Amino acid sequence: MRHLREMFRQKFVLGLAHRAIAQSVGVSLGAVATALARARTVGLDWAQVQELGDDTLEQRLYGGRGGRRADRAPLPDPAQLHVELRRTGVTLQLLHLEYLESNPTGYRYTAFCEHYKRWLATRSPTMRQVHHAGAKLFVDYSGKKPVIVDRKTGEVIEVELFVAVLGASNYTYAEATRTQRVGDWIGSHVHAFEDMRGIARAMVPDQLKSGVTVPCRYEPGIQRSYAEMAAHYGTVVLPARPAHARDKAKVEAGVRIAQRWILARLRNQTFFSLDELNERIAELVVELNDRKMRVYGASRRELFERLDRPALLPLPERRFEWGEWKNVMVNIDYHVEFDHHYYSVPHALLHQELEVRATAMVVEIFGDSGRVASHARSYERGRHTTQSDHMPKSHQKHAEWTPSRIVHWAETLGPQTAALARAILAERPHPEQGYRSCLGILRLARRYGEARVEAACARAMAAGARSYRHVESILKHGLDGATPTESTHAATQLPLVHGNVRGRGYYQ
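Overview of the structure. Keep in mind that what you see is a predicted model, and the values were worked out from it rather than measured. (Residues numbered from 1 in each chain as written. Predicted model: local features only at pLDDT ≥ 70, side-chain atom pairs only at ≥ 80, totals over all residues. Heavy atoms only, no water.)

### Some details on the pattern of salt bridges
Oppositely charged side chains may form a pair once their charged atoms are brought near each other.
Part 1 of the reasoning: According to the stated counting rule, one finds 16 salt bridges in the structure shown.
Part 2 of the reasoning: For Arg-151, the salt bridge goes to Glu-276, with nearest N and O atoms at 3.5 Å. Taken as a pair, Arg-151 in the loop between β2 (147–149) and β3 (156–158) and Glu-276 in helix α12 (residues 274–290) lie far apart in primary sequence, 125 residues in all.
Part 3 of the reasoning: A salt bridge links Arg-422 to Glu-411; the shortest N-O distance between them is 2.8 Å. Pair noted here: Arg-422 is in helix α16 (residues 415–427) and Glu-411 is in helix α15 (residues 403–411), with a separation of 11 residues, a long-range link.
Part 4 of the reasoning: Judged by relative accessible area, Glu-411 falls into the partly exposed class, the value being 41%. (Salt bridge = Lys/Arg side-chain N within 4 Å of Asp/Glu carboxyl O. Helix = DSSP H or I, 4+ residues; strand = E, 2+ residues; numbered from the N terminus. Buried < 20%, exposed > 50% of the residue type's maximum accessible area, 1.4 Å probe, protein only.)

### Quick word on empty space enclosed by the protein
Where empty space is left becomes clear once a probe the size of a water molecule has been rolled over the atoms.
Part 1 of the reasoning: All chains considered together, the criterion is met by 1 cavity of 30 Å³ or more.
Part 2 of the reasoning: Of the pockets and cavities examined, the largest cavity occupies roughly 30 Å³.
Part 3 of the reasoning: Where the lining of the largest cavity is concerned, the elements lending two or more residues are α16 and α17 (435–443).
Part 4 of the reasoning: Counting residues per element, the lining of the largest cavity draws most heavily on α16, at 4 residues.
Part 5 of the reasoning: In terms of residue class, the lining of the largest cavity is built from 6 nonpolar, 1 polar and no charged. (1 Å grid on protein atoms, 1.4 Å probe; cavity = no way out; pocket = protein on both sides within 12 Å on 5 of 7 lines; lining within 4 Å. Points joined across faces, edges and corners; volume = space filled by probe spheres on them. Nonpolar A, V, L, I, M, F, W, Y, C, P; charged D, E, K, R; others polar.)

### A closer look at the packing of aromatic side chains
Part 1 of the reasoning: Summed over all chains, the structure comprises 9 aromatic pairs.
Part 2 of the reasoning: Judged by centre distance (5.9 Å) and plane angle (70°), the rings of Tyr-141 and Phe-162 are edge-to-face. One end of the pair, Tyr-141, is in strand β1 (residues 136–141); the other, Phe-162, is in strand β4 (residues 160–166), with 21 residues separating them in the sequence.
Part 3 of the reasoning: A relative accessible area of 0% places Phe-162 in the buried class.
Part 4 of the reasoning: Measuring from centroid to centroid gives 5.5 Å for Tyr-141 and Trp-185, while their planes differ by 40°, and the two rings are tilted. Of this pair, Tyr-141 sits in strand β1 while Trp-185 sits in helix α9 (residues 182–196); the two residues are 44 residues apart in sequence, bridging distant segments of the chain.
Part 5 of the reasoning: A relative accessible area of 0% places Trp-185 in the buried class.
Part 6 of the reasoning: An aromatic cluster of three or more residues is present, and its members are Tyr-141, Phe-162, Trp-185 and Tyr-226.
Part 7 of the reasoning: Note that Arg-224 overlies the ring of Trp-325, its terminal NZ or CZ placed 3.5 Å from the centroid.
Part 8 of the reasoning: Sitting over the face of the ring of Trp-261, Arg-265 holds its NZ or CZ atom 4.9 Å from the ring centroid. (Phe/Tyr/Trp six-rings, centres within 6.5 Å; stacked < 30°, edge-to-face > 60°. Lys NZ or Arg CZ within 6 Å of the ring centre and 35° of its normal.)

### Concerning the environment of Val-163
Part 1 of the reasoning: For Val-163, the position within the fold is in strand β4.
Part 2 of the reasoning: Separated by 10 residues in sequence, Val-163 and Tyr-173 have C-alpha atoms that sit 5.8 Å apart.

### With respect to the nonpolar core
Part 1 of the reasoning: Ranked by internal contacts, the top residues of the largest apolar core, which has 27 residues, are Met-196 and Met-229.
Part 2 of the reasoning: Broken down by secondary-structure element, the contributors of at least two residues to this core are β1, β4, α9 and α10 (224–233).
Part 3 of the reasoning: For this core, the element with the highest residue contribution is α9, accounting for 7 residues.
Part 4 of the reasoning: Ignoring any residue separated from it by four or fewer positions in sequence, one finds Met-229 in contact with Ile-186, His-189, Val-190, Phe-193, Met-203 and Phe-320. (Core = buried A, V, L, I, M, F, W, Y, C linked by side-chain atoms within 4.5 Å. Contact = heavy atoms within 4.5 Å.)

### Some points on unusual backbone geometry
Part 1 of the reasoning: In this model, Asn-170 sits at a positive phi of 65°, which is unusual for a non-glycine residue.
Part 2 of the reasoning: Here Arg-197, not a glycine, exhibits a phi torsion of approximately 60°, which is positive.
Part 3 of the reasoning: By relative accessible area, which is 39% here, Arg-197 ends up partly exposed.

### Quick look at the sheet that holds strand β5 (residues 172–177)
Part 1 of the reasoning: Ordered in space as β5-β4-β1-β6-β9, the 5 strands form an open sheet in which the pairing is mixed. In this open sheet, the two edge strands, each paired with only one partner strand, are β5 and β9 (236–237).
Part 2 of the reasoning: Relative to β9, strand β6 (residues 202–204) runs parallel, the two sharing 2 bridges. Across the sheet, residue Ala-202 finds its bridge partner in β9, namely Val-236.
Part 3 of the reasoning: Its contacts with the sheet put α9 on β1, β4, β5 and β6, and the angle it makes with β5 is roughly 145°. (Pairing = 2+ DSSP bridges. Axes fitted to C-alpha atoms, helices over the stretch in contact; angles between N-to-C directions.)

### Here's the deal with α15
Part 1 of the reasoning: Of the residues making up α15, those classed as buried are Ile-406, Val-407 and Ala-410. Buried residues of α15 fall within an arc of 95° about the axis and therefore sit on the same side. Residues Ser-404 and His-408 are exposed on α15 and point more than 90 degrees away from its buried face. (Arc of directions from axis to C-beta.)

Written as structure tokens, this is what we have:
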């Protein structure tokens, strides 16, 4: 109305041209011409304009062309329009058509949209974004942290507060974790999905290291396990731009609300474990989601059930199991190291660089062609987990020998051979040191026969001998009590013939 009065003053009192009035008032030339034409049509002059109030002046000028009329239906609640716009596929045009169905004499589309936009302009900047149902889950950690107390030492330990907020309904999930590391970060997402009984089509985190390995405005590098979790649940990660809090304004507001509604109410309470703290946080989150929001006239839970819940993606049958990734090099013993334990891979991969994915139960090893090995995870430091088919053939044969197998084979020759094998293995610092001695004794049966080896072992046991060389010497010299071989007998009975030997007669 101020512009109208000024335009009429400049025209009727000062007599300025339309273009000059438009430049002075800051409106279009058409707006000036239209207003003055309407004034001439209804017979208004400057004296009448001065006497009329704002509403009456507007009625005189625009009442006959769709202006405010007493019989016109009221405009809808803009807050309700804002809520409805969050439903998938809902537009202002659709809402206006529905409005006209119940109010045929209602306002036209332009006035309808202007009514909503004026209301929206009075809201906080965070509400200017239109968040569609089930579209985005905003996630972040609170800068202010809850604490737990060590029951034994009394030490006060700061922990992290994870907050997740759905865009359309503002439904909030929160929990405390030990750290912001990848395992805790992903675990909190899984818990949030299960609490909401569904998955949003996109997750919007800050560019923290647990979620983004390469911060970038245009092509951020997503942390591998985080991306793997997103693929498992059929969603995507859309990190907020660095230093752009408005990209994740929902969770920024959600974190502030969590700090006021949760942390402030915990300030005088003491918790001795993370489970105790999370149990109390869960109770406060339920109260937060059930609390009616003044702007929308409904609680977060009501909006969640009405908007987000039907639009969320379903949970998969299997819960995501977080796995830690690590690049490793195959050592000369065809093992790779992860968490101070060594796992075997096929020996043909010596000196190659591979990738390890380790969960709480399984360690998987991947190469260029896919998975090359899988082991049950072991937490024994410095020990080895080896599969026999990963070893070279020669190593496989060596690995097949065990003390029990050595003794079992010795028993097939006789009890004395078995007794000697046990004695040899027992006297060595490590059983493998006695493998060669026992195998050598067992192979003597090919040359001398099982009976003679059994007898030689009996003599060795009686003499306290505990080696392959002793048994071989007993057999070689016929000390096992068996009949000498023909070659040995001939060597002892034939006369010695040599040119330098004079014989017995020379000395008589």
